[in-house]
Amino acid sequence: MLLENATNWICLALRAAAVVVFSQVATTANAATTEIQTSPAADVALITAENAIAPLSSSISAGLVISLSDGWKTYWRSPGEVGFPPELDLSGSENVAEVEMLWPAPHRFTAFGIENFGYDGEVVLPIRIRLERPGEPVALRATASLLVCSDICVPLDMEFALDLPAGSDTEALQIDRASADRIAEFAAQVPSEIASEEFAEISAFMDAEARTLTIEARGTHVYSTPDVFPEMGEYTAFGVPDIRLGESGTVLWAQLPILALDEEAADPFITLTDGDQAVTLAATPLDRAPEPPFAVDRMRTEVTTLLWIALLAFGGGMILNVMPCVLPVLSIKLASVISGGGKARSETRSGFLASALGVMAFMWALAAITFGLQQIGVTVGWGLQFQNPMFLALMIVILAVFAANMIGLFEISLPSRWQTRLAASGSRGGFAGDFATGAFAAVLATPCSAPFLGTAIAFALTGGAMDIASVFTALGLGLSTPYFAIAIYPRMAQAMPKPGRWMIVLKVLLGLLLLLTAAWLVWVLSGVAGKTAVIATTTLTALLIGVIAMKRLPEVPRWAGMAILAVAAVVSASQLADQSAGSRSTTTTEWAVFDRAAIAQHVSRGEVVFVDVTADWCLTCQANKVLVLDRDPVADALTAESVIAMRADWTRPDEGISRYLASFDRYGIPFNAVYGPGAPDGIVLSELLSTQAVMEALSQASAREVAGEN
Amino acid sequence: MTSRRAILSLLAGAAVVYGGVKLAPLAFEADLEFTDLNDPEGFRSFGGGDYSSGSFAPFIGLSTDAEAEPAQLVTEQDVRADICGSLYGQLGPPDNRIRIAAFSDYYCPFCRVQTRNLAAMAEQYSDRMAVAWHELPLLGDASEAAARAALAARRQGRYVEFQEQLIRTPFAANDAYIETLSANIGVDHAMLVQDMASDALTREMQTSKMLYRIFRFVGTPAMVIGRTAAMGQISDRQILAIVSSEEGDLSDGAC
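Just so we're clear, the structure is a prediction, and the values are computed from it rather than from any experiment.

Caption draft 1: Geometry of the state of the cysteines. This model, assessed by the stated rule, comprises 2 disulfides over all chains. One disulfide in the model links Cys149(A) with Cys153(A); its S-S distance is 2.2 Å. Sign of the S-S torsion, about 110 degrees for the bond between Cys149(A) and Cys153(A), identifies this disulfide as right-handed. Just as Cys149(A) is buried, Cys153(A) falls in that class too. Covalent S-S linkage joins Cys108(B) and Cys111(B), the inter-sulfur distance amounting to 2.3 Å. Taking the sign of the S-S torsion, 90 degrees for the link of Cys108(B) and Cys111(B), the bridge is right-handed. For Cys111(B), a relative accessible area of 1% puts it in the buried group.

Listed below in structure tokens is the structure:
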């Protein structure tokens, strides 16, 4: 009904304008405009399209013109969390039967974490006035109350008087072109209230706990800069919408946290805006939340993006070389050059080239597997193999044996066996050994999801075959850069110090580093498979090392024992895995389970929310936990009453968490963010946390610092 | 020779520009601009900007239900006779701390921010400042109800808790909400309702409104820090600077 009025009214206004243009009748300026009430914040006036009431005319079009000064805003009919919409009281008027104010589509303002909807610059609120006695003079006596805010909120109360006499039937005499134009311009911005082909249907779902409202809009309209303004009774307030587009931009999906719910809330009315188009429709209730549209925009990759990501992957790969789980391998490789100091240059060269190829081979194998899995619809996460107890146990066995060798418990002298070949590749020549060293380095690199590495990987996983291939190649090239470098300039390796006593010290040190990596893997294993599996694996590994070290045993039983123990250590981990061993709670901070919708609710109550997205297999996450999150003052700050610590466990793939990360353009973890009244959109912390950064973000989010920056 | 001189002067020029850019904000920061007020005497105003008093038409709140409007219990003369008591009386006898009278409305977006910041500052610098809260419900009935509820809660010693809840809520303060809030905070609701309608409370609110008029404030938030009146949302840093300036103020001041 409102729309019908609005359309009539636009027609009327436009017709009026046209008539004036063609007839060229000079009308008295401002005849249909009240005196402008001025204030430093806004100039306000009441205007009408008519200069006089035409015979039999039963309605007039008026408008409340609000010209806001720079930086000032006023509010929509639903002002948001707080605020106050303009009100117009025409009760003191004569010959007025009914007044209807229309609301042009609002804009969203976010300041200090408060969502407000309204207008800035100039706005005309169109008013349709139905007359009591058609054709007779009208005396408008209006009181306008409006709230205008900049960094101060000023309520304005203004009075207007406008008299319209009864006029002749010459239309031109009765229309004020300027006023009619202004009213028409803003009447055109009032959202349409009937469904069209463009905006065919809006449906909505509110979950049982009234935490979120999920909206889906369908039609032929292709959205570019959409916004969503639901209305559900006077007291219902919503947080910032998470808006997604699908099906080439014709489907809009949005989810909004409900900050407060009106007890008597009926089905919502949804106002959708996109550029200068807007629609307000009653939402069709749904039985369950509509699925968010698939992120189609990730499928088409631009060349520049691909190059950039490849560069990131390359950098990430290079950095992986100095990660604790890879550095020993590289060092061992270098140590082989040191020990074989007199080796021919060509031999060194080809050796390192083989290692580099080993790295590349592993990466390409990984790329192939990723592609294959992606083809059959499996989600793959980097380091996901670290959820597999068998894999973990295998790594533990290899690393422990390797470490024992380095520390000097025994010398590996039989490169014919596969695992010893891996381990011995450092001290032995042979392309196969060199190749294995490279591959081994790449395998070990997987848990070290260094900053930006995650981005590259996740990008590859969401992309096509080309993306996967280029990302993994770049990653491999980065990781094998040192090998390539030495292959090209063997001098680099020969420039290493001469062998000596220090080498033994270095070897032991490297061995300890490996042992540390193994210990960490044990810790991860305990998270994935539970205590029993850990005890079995470590005991069997210790026995294995013991057997290897006992050279006096006869050959056959010794080899048989070694094989049995190695297999047993690996198999026991998966056989004895405790399925219930999921995420561990080793911390004192009470971590709430991640709930994206609850973030806005907490923030609206003035609380600070700390989000930690983590997984057992994420090395950097574990480091963050141990070094920052579980230590005072951060641990202490996180237990404060006004701070909600939320942990999202990504150990197993989770669509919701992935979507949350994607909203920050992040595809890997660790991810930490702090929300609060001072940072309603969240402060994203860097992957490697520092106590100072966390504390600063916490205080900034608590809003204390925000005002200080003004 | 000339080229060396040119280079030197260029470098010197660059240094001056660099230094200027680096130091300008400091100078700006250090120079708080105050204007002495003729009325009320002994006070001064900070900043002012676009919304300096006088340019806005005098205004005392959006229209509320006229029938519910209580009778005027406080006159302008009463308040003028004891401006300091009206501003800071609720804090008790003065001590060496700077007293701040803060005026706000629960439904003005920036007041929420200002109130939260000011409350936190008052806690952090409790040895330097004390805040007297004035309710200035300018935005209709819900504002009025929230303000009365908060002041009634103060009579039960729970003002701060009530205030905290009110500035956090996106709800319009209706009777049901205030009842829920009372239960949550542990305030006697019956007594709260009785106090909300009491003359003493009306007098308190009218005093705040009168102060607002006397200082020619045009909107919320607004505050009086010692003898300095400031309007609009101002930063923690500015508040601290004004407090420091008040601490170093050797004039007798107004209060």
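Moving on, there is more to tell.
Caption draft 2: View of the environment of Ala254(B). Residues and elements named next belong to chain B. By the element assignment, Ala254 lies in the segment after helix 10 (236-247). A C-alpha to C-alpha distance of 9.0 Å links Ala254 and Pro40, two positions 214 residues apart in sequence. Every residue in contact with Ala254, bar those within four places of it in the chain, is listed here: Glu41, Gly42, Phe43, Cys84 and Arg227.

Caption draft 3: Fine view of unusual backbone geometry. In this structure, Pro40(B) follows Asp39(B) across a cis peptide bond, with omega equal to 0 degrees. Locating Pro40(B) in the fold gives a position in the loop between strand 1 (34-36) and strand 2 (44-46). Pro221(B) follows Thr220(B) through a cis peptide bond whose omega is -5 degrees. Note that Pro221(B) resides in the loop between helix 9 (199-214) and strand 5 (222-225). We note that Leu56(A) has phi near 70 degrees; this positive angle belongs to a residue other than glycine. As for its placement among the helices and strands, Leu56(A) is situated in the loop between strand 1 (42-48) and strand 2 (59-68). You can call Leu56(A) exposed: its relative accessible area is 77%. Residues other than glycine seldom take positive phi values, yet Ala210(A) does so here, at roughly 55 degrees.

Caption draft 4: Structural context of the sheet that holds strand 8 (residues 122-131) of chain A. Residues and elements named next belong to chain A. Strand order in the open sheet formed by 4 strands is 1-2-8-5, with antiparallel pairing between adjacent strands. Either end of the sheet is taken by a strand with one partner, and the two such strands are strand 1 and strand 5 (96-101). Going across the sheet, the axis of each strand differs from the next one's by a mean of 20 degrees, ignoring polarity. Looking at chain direction, strand 5 and strand 8 are connected through 5 bridges and run antiparallel. Bridge pairing in strand 8 links Val96 to Leu131. The strands that helix 3 (residues 177-187) touches are strand 1, strand 2 and strand 8; relative to strand 8, the one it contacts most, it runs at about 105 degrees.

Caption draft 5: The sheet that holds strand 10 (residues 153-164) of chain A, seen in detail. Residue and element names in this part refer to chain A. Ordered by their spatial adjacency, 3 strands build an open sheet running 4-9-10, and the pairing between neighbours is antiparallel. Each having just a single partner strand, strand 4 (87-89) and strand 10 make up the two edges of the open sheet. Sheet twist, expressed as the mean angle between neighbouring strand axes with direction ignored, is 20 degrees. Sheet analysis places strand 9 (residues 138-149) next to strand 10, joined by 12 bridges and oriented antiparallel. Bridging across to strand 10, Thr143 finds its partner in Glu159.

Caption draft 6: Spotlight on the nonpolar core. Ranked by internal contacts, the top residues of the largest apolar core, which has 68 residues, are Leu64(A), Leu87(B) and Val224(B). With residues up to four places along the chain from it excluded, the contact list for Leu87(B) reads Phe43(B), Ala101(B), Phe103(B), Ala132(B), His134(B), Leu211(B), Phe215(B) and Val224(B). Grouped together as the second largest cluster of nonpolar side chains are 53 residues, Tyr177(B), Leu192(B), Ile234(B) and Leu240(B) included.

Caption draft 7: Region of interest: the pairing of strand 17 (residues 269-274) of chain A. Residues and elements named next belong to chain A. When you tally the buried positions in strand 17, you get 5 out of 6 residues, the bulk of the element. Of the strand pairs in this sheet, strand 13 (residues 226-231) and strand 17 are connected by 6 bridges, and their pairing is antiparallel. Along strand 17, the bridge assignment pairs Asp227 with Thr273. Of the strand pairs in this sheet, strand 17 and strand 18 (residues 277-282) are connected by 6 bridges, and their pairing is antiparallel. Within the sheet, the bridge partner assigned to Leu272 lies in strand 18 and is Val279.

Caption draft 8: Representation of the confidence of the model for chain A. In the predicted model, chain A carries a mean pLDDT of 76, and the fraction of residues at 70 or more is 73%. Contacts from residues 1-30 of chain A, a stretch scored under 50 in pLDDT, to residues over four places away or in other chains number 43 contacts.

Caption draft 9: How the structure looks around the pairing of strand 9 of chain A. Residue and element names in this part refer to chain A. The buried count for strand 9 comes to 10 of 12 residues, which makes it a mostly enclosed element. Where strand 4 meets strand 9, 3 bridges bridge the pair, whose relative direction is antiparallel. Counterpart to Glu87 in the pairing with strand 9 is Ser145. Adjacent in sequence and paired antiparallel, strand 9 and strand 10 are bridged by 3 residues.

Caption draft 10: Representation of the confidence of the model for chain B within the structure. Residues and elements named next belong to chain B. On average, residues of chain B score 78 in pLDDT, and 75% of them are at 70 or above. Note that pLDDT drops below 50 for residues 20-30; the model gives that stretch 2 contacts with residues more than four away or on any other chain. Every residue in residues 49-54 scores below 50 in pLDDT, and together they form 12 contacts with partners more than four places removed in sequence or on other chains. Prediction confidence for the complex, expressed as pTM and ipTM, is 0.55 and 0.72 respectively.

Caption draft 11: Molecular detail of helix 15 (residues 531-549) of chain A. All names here are of chain A. Taking 1.5 Å per residue as the helical rise, helix 15 with its 19 residues ought to reach 27 Å, and the 27 Å between its terminal C-alpha atoms agrees with that figure. Taken together, the buried positions of helix 15 are occupied by Ala533, Val534, Ala536, Thr537, Leu540, Thr541, Leu544, Ile545, Val547 and Ile548. When helix 15 is viewed along its axis, its buried side chains cluster within an angular range of 165 degrees and face the same direction. In this structure, helix 15 carries Lys531 and Ile535 as exposed residues pointing more than 90 degrees from its buried face.

The rules behind the values
- Residues numbered from 1 in each chain as written.
- Chains lettered and ligands numbered in written order.
- Predicted model: local features only at pLDDT ≥ 70, side-chain atom pairs only at ≥ 80, totals over all residues.
- Heavy atoms only, no water.
- Disulfide = S-S within 2.5 Å.
- Buried < 20%, exposed > 50% of the residue type's maximum accessible area, 1.4 Å probe, protein only.
- Helix = DSSP H or I, 4+ residues; strand = E, 2+ residues; numbered from the N terminus.
- Contact = heavy atoms within 4.5 Å.
- Pairing = 2+ DSSP bridges.
- Axes fitted to C-alpha atoms, helices over the stretch in contact; angles between N-to-C directions.
- Core = buried A, V, L, I, M, F, W, Y, C linked by side-chain atoms within 4.5 Å.
- pLDDT = per-residue confidence, 0-100.
- Expected span 1.5 Å × (residues − 1).
- Arc of directions from axis to C-beta.

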